[in-house]
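# Understanding the architecture of this molecule
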Amino acid sequence: MATEGFVDDENLEAIVTRIEQKSRKIESLLKQSKPVEALKTALEGSPLKTRDERCKSAIWIVVHRAIMAIKDVDAMFSSLDPEYYDTLMKYLYRGLATGDRPTCDQCLKIHEKLTEKAGLGCILRSLADTVNTV
């Protein structure tokens, strides 16, 4: 039995298919030098409504690819809609948890600007939400 709002294990295949499609679209956007569009695409529909760690890891790889492609953080925020802020914050904390130096450096840079832009509430919401985890 699935938790309310979360998908059953039978629907995991559909989620994996969506992640694969999203990954291809992001790669295409990155090849076109559109990293902010790639990040928006990666964050759309996240966090996934599943507790399956394989799916969460797969979407993290997609989001990570987009996060690492961002070169100008200020420019990113000039075109990133506020609706993505809380989800982005969750993924930044996941990135910091990896311990990988380049990932942590990039996540900290974005975290600083995101906190300036969205305020401390964004941090609190991302840490307090234990249901929709990334």
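The text that follows walks through the structure, step by step, so that each part is easy to find. Because the structure is predicted, anything quoted here is derived from the model rather than measured.

Conventions adopted
Residues numbered from 1 in each chain as written. Predicted model: local features only at pLDDT ≥ 70, side-chain atom pairs only at ≥ 80, totals over all residues. Heavy atoms only, no water. Phe/Tyr/Trp six-rings, centres within 6.5 Å; stacked < 30°, edge-to-face > 60°. Helix = DSSP H or I, 4+ residues; strand = E, 2+ residues; numbered from the N terminus. Disulfide = S-S within 2.5 Å. Axes fitted to C-alpha atoms, helices over the stretch in contact; angles between N-to-C directions. Parallel < 35°, antiparallel > 145°, perpendicular 65-115°, else oblique. Contact = heavy atoms within 4.5 Å. Nonpolar A, V, L, I, M, F, W, Y, C, P; charged D, E, K, R; others polar.

Let us look at the packing of aromatic side chains. With the rule as written, the count across this model stands at 2 aromatic pairs. Arranged with centres 6.3 Å apart and planes meeting at 10 degrees, the rings of W60 and Y91 form a pair that is stacked. Of this pair, W60 sits in helix α3 (residues 53-69) while Y91 sits in helix α5 (residues 85-98), and the two are 31 residues apart along the sequence. Ring plane angle 75 degrees and centroid distance 5.8 Å describe the contact between F77 and Y85, whose orientation is recorded as edge-to-face.

This paragraph deals with the state of the cysteines. According to the stated counting rule, one finds 0 disulfides in the structure shown. Here C122 is not disulfide-linked; the sulfur of C107 is the nearest cysteine sulfur, at 13 Å.

This next bit is on the packing of α3 against α5. At a minimum axis distance of 11 Å, the contact between α3 and α5 shows a crossing angle of 95 degrees. Classified by the angle between their axes, α3 and α5 sit roughly perpendicular to one another. Contacts from K56, S57, I59, W60, V63 and I67 of α3 reach α5 at L88, Y91, L92, R94, G95 and T98.

At a minimum axis distance of 8 Å, the contact between helix α1 (residues 12-31) and helix α2 (residues 35-43) shows a crossing angle of 170 degrees. Viewed along their axes, α1 and α2 adopt a mutual orientation that is roughly antiparallel. Along its contact with α1, which presents K22, K25, I26, L29 and L30, the element α2 presents P35, E37, A38, T41 and A42. For the contact of α1 with α2, the class distribution of residues is 6 nonpolar, 1 polar and 3 charged.

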